[in-house]
Amino acid sequence: MSELQEKYPNNRLRRTRQSQWIRNLVSENSLSTNDLIWPIFICEGSNVKDEIESMPGVYRYSVDRLNEVVDQALLNKISLIALFPYTPKDKKDLELAIKLDVDWIALSFIQTTKDLLTAKKLIPSKFKVMVKVEKPSAMDEIESITENSDGIMVARGDLGVETNPEDVPIHQRTMVAACRKFGKPCIVATQMLESMIDSPTPTRAEASDVATAIFQGVDAVMLSAESAAGNYPKEAVEMMDKIIKRVECDPKYLSNIQNYNLDHIKTSTEAIATAALEVAGIAECQCIATFSGTGRSILRVARMRPDVTLIGLTTNKKVARQNVLTWGTFMDVVDKISSSTEMVDRACRVAKSRKILKNGDKIIITAGVPFGKVGTTNTLRIAKIIADSKLT
């Protein structure tokens, strides 16, 4: 047994995915036998990256020895990790995504905050970055990763391969809580209605799985093979929608997701968001409308999970599309505003057109003055819809 194996005896073997990933890494990037890769024999999730260069068990191998290296690692139940997380193919895919002007870019197999920040340097700031948490080592830095990302996907399929099944629900709850803390969208994905790939109805356990995620207060639940390759994609979507609506009608739903001790950051945006919720209850307002150029103000309100309808208003179509993921929020694109009168008029007209409000209902509107300047949310106003021709 090597020194590394003696020091980290509890590592776990993941045979198929681990070896196949390394082999795909070589074939997809057309590495030749003259190219070198540098696997590290360490326990998955161990914090030993600073030690690796000086420890026995760290070797540099040529590609023509790849199969031998992988098989030996598997035989000895040693984790094999490549030192280059971003391949030439990854960079080409990223360049294409940027060229196509997508709204979100998802990063797989992020293990540390450093991995995330390295990747973000390659991505223009107008794109939102979703981190797919698939490695148990990422859980050691989940708060930092969440804070530095734009959203988290609980990728339970690969995470379940890399960790024990009984740990996955704990990891899910931890990630949901981190997203609530930092006001970032959280998506729960993988095997939610898995049996509906071949069956028109789900198991009761699957229905409970979806419901549990909703009760935890996630922003979105996601279908994978059920809708991408299954025999009943329409029924799967309809069933998930039914489960979501049923949970949201439960009397204990809102009290459950509002039962979080959320820390507040000391900014005017946070103060206005918090005040909007308090005023909505006291003044019996049915809706909160938030003007935002970046979407951040909208997220600060939504993370508190208010029991009134939320409307996000922005002049930026990309921001509107990106924030469709935000919990309980209707996004709308509006023209630029230059006065308080225009602010009230636009918000009320959107609420009316979406049939969220009717005559006599009240709405809270938040925005930043001067209008159009990013990061200046400092205004809260209560308005009442009097008639179709008069919104005040």
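Quantities reported herein were computed from a predicted structural model and do not represent experimental measurements.

## Observations concerning the overall build of the chain
Link 1 in the chain: In terms of regular secondary structure, the chain is built from 16 helices and 15 strands.
Link 2 in the chain: Expressed as a percentage of the 392 residues in the chain, the buried residues total 47%.
Link 3 in the chain: Long-range contacts, defined here as pairs at least 24 residues apart, represent 66% of the contacts in the chain between residues at least 6 apart.
Link 4 in the chain: When the accessible surface of the chain is summed, it comes to about 20,200 Å², and 51% of that surface belongs to carbon and sulfur atoms.

## Comments concerning the pairing of strand β11 (residues 309-314)
Link 1 in the chain: With five of six residues buried, β11 is to be regarded as a mostly interior element.
Link 2 in the chain: Across five bridges, strand β10 (residues 287-291) lies against β11 in parallel orientation. Bridge pairing in β11 links I288 to L310.
Link 3 in the chain: In the classification by handedness, the crossover that spans β10, the intervening helix α14 (residues 296-302) and the parallel β11 is right-handed.

## Topic: helix α4 (residues 88-99)
Link 1 in the chain: Helix length check: α4, at twelve residues, gives a terminal C-alpha distance of 17 Å against a target of 16 Å (1.5 Å per residue), a fit within 8%.
Link 2 in the chain: Phi turns positive one or two residues past the end of α4, at D101, with a value near 60 degrees.

## Brief notes about the pairing of strand β5 (residues 104-107)
Link 1 in the chain: Side chains of β5 alternate between two faces, with I105 and L107 buried and W104 and A106 left unburied.
Link 2 in the chain: Examined bridge by bridge, β5 and strand β6 (residues 128-133) share four bridges and lie parallel to one another. The partner of A106 across the bridge, within β6, is M130.
Link 3 in the chain: Where the polypeptide runs from β5 across helix α5 (residues 113-120) and back to β6, its parallel neighbour, the crossover connection is right-handed.

## A few points about the side chain of Q216
Link 1 in the chain: You can see Q216 is positioned in the loop between α9 (204-215) and β9 (220-222).
Link 2 in the chain: What makes Q216 buried here is its relative accessible area of 9%.
Link 3 in the chain: Beyond its immediate sequence surroundings of up to four residues, Q216 is in contact with Q172, R173, V176, R180, I257 and Y260.

## Focus: the nonpolar core
Link 1 in the chain: Counting residues in each nonpolar core, the largest one holds 53 residues, and the members touching the most others are L107, V133, M175, V210, V218, V221 and I288.
Link 2 in the chain: Apart from the residues lying within four places of it in its own chain, the contact partners of V133 are A138, M139, I142, I152, M153, A155, L159 and M175.
Link 3 in the chain: By size, the runner-up hydrophobic cluster in this structure holds 20 residues, among which are V334, A351, I356 and A383.

## Considerations on the state of the cysteines
By definition, a disulfide is the covalent link that joins the sulfur atoms of two cysteine residues.
Link 1 in the chain: Summed over the entire model, instances satisfying the criterion amount to zero disulfides.
Link 2 in the chain: Free of any disulfide, C186 has its nearest neighbouring cysteine sulfur in C179, separated by 4.0 Å.
Link 3 in the chain: For C186, a relative accessible area of 1% puts it in the buried group.

## Here we look at the environment of G217
Link 1 in the chain: Mapped onto the fold, G217 is located in the loop between α9 and β9.
Link 2 in the chain: Not counting residues within four places of it along the chain, the set of residues in contact with G217 comprises R180, I257, R305 and W327.

## Side note on the pattern of salt bridges
Link 1 in the chain: For the structure on display, the rule yields 15 salt bridges.
Link 2 in the chain: Note that K132 and E134 form a salt bridge whose closest N and O atoms lie 3.7 Å from each other.
Link 3 in the chain: Close ionic contact of D361 with K358 constitutes a salt bridge, the shortest N to O distance being 3.7 Å.
Link 4 in the chain: Residues joined in a network through salt bridges with shared partners are D101, D103, K126, K318 and R321.

## Describing the packing of α9 against helix α11 (residues 233-248)
Link 1 in the chain: The contact between α9 and α11 brings their axes to 9 Å, and the two run at 50 degrees. Overall, the two elements α9 and α11 adopt an arrangement that is oblique. Here α9 runs over α11; the crossing is right-handed. The segment α9 lies against α11, with A207, V210, A211, I214 and F215 engaging M240, I243, I244, V247 and E248.
Link 2 in the chain: Considered class by class, the residues forming the contact of α9 with α11 number nine nonpolar, no polar and one charged.

Conventions adopted
- Residues numbered from 1 in each chain as written.
- Predicted model: local features only at pLDDT ≥ 70, side-chain atom pairs only at ≥ 80, totals over all residues.
- Heavy atoms only, no water.
- Helix = DSSP H or I, 4+ residues; strand = E, 2+ residues; numbered from the N terminus.
- Buried < 20%, exposed > 50% of the residue type's maximum accessible area, 1.4 Å probe, protein only.
- Contact = heavy atoms within 4.5 Å.
- Areas by Shrake-Rupley, 256 points an atom, 1.4 Å probe, with all protein chains shown as cover.
- Pairing = 2+ DSSP bridges.
- Right-handed = clockwise from strand over helix to strand, strands pointing away.
- Expected span 1.5 Å × (residues − 1).
- Core = buried A, V, L, I, M, F, W, Y, C linked by side-chain atoms within 4.5 Å.
- Disulfide = S-S within 2.5 Å.
- Salt bridge = Lys/Arg side-chain N within 4 Å of Asp/Glu carboxyl O.
- Axes fitted to C-alpha atoms, helices over the stretch in contact; angles between N-to-C directions.
- Parallel < 35°, antiparallel > 145°, perpendicular 65-115°, else oblique.
- Left-handed = near helix turned anticlockwise from the far one by under 90°.
- Nonpolar A, V, L, I, M, F, W, Y, C, P; charged D, E, K, R; others polar.

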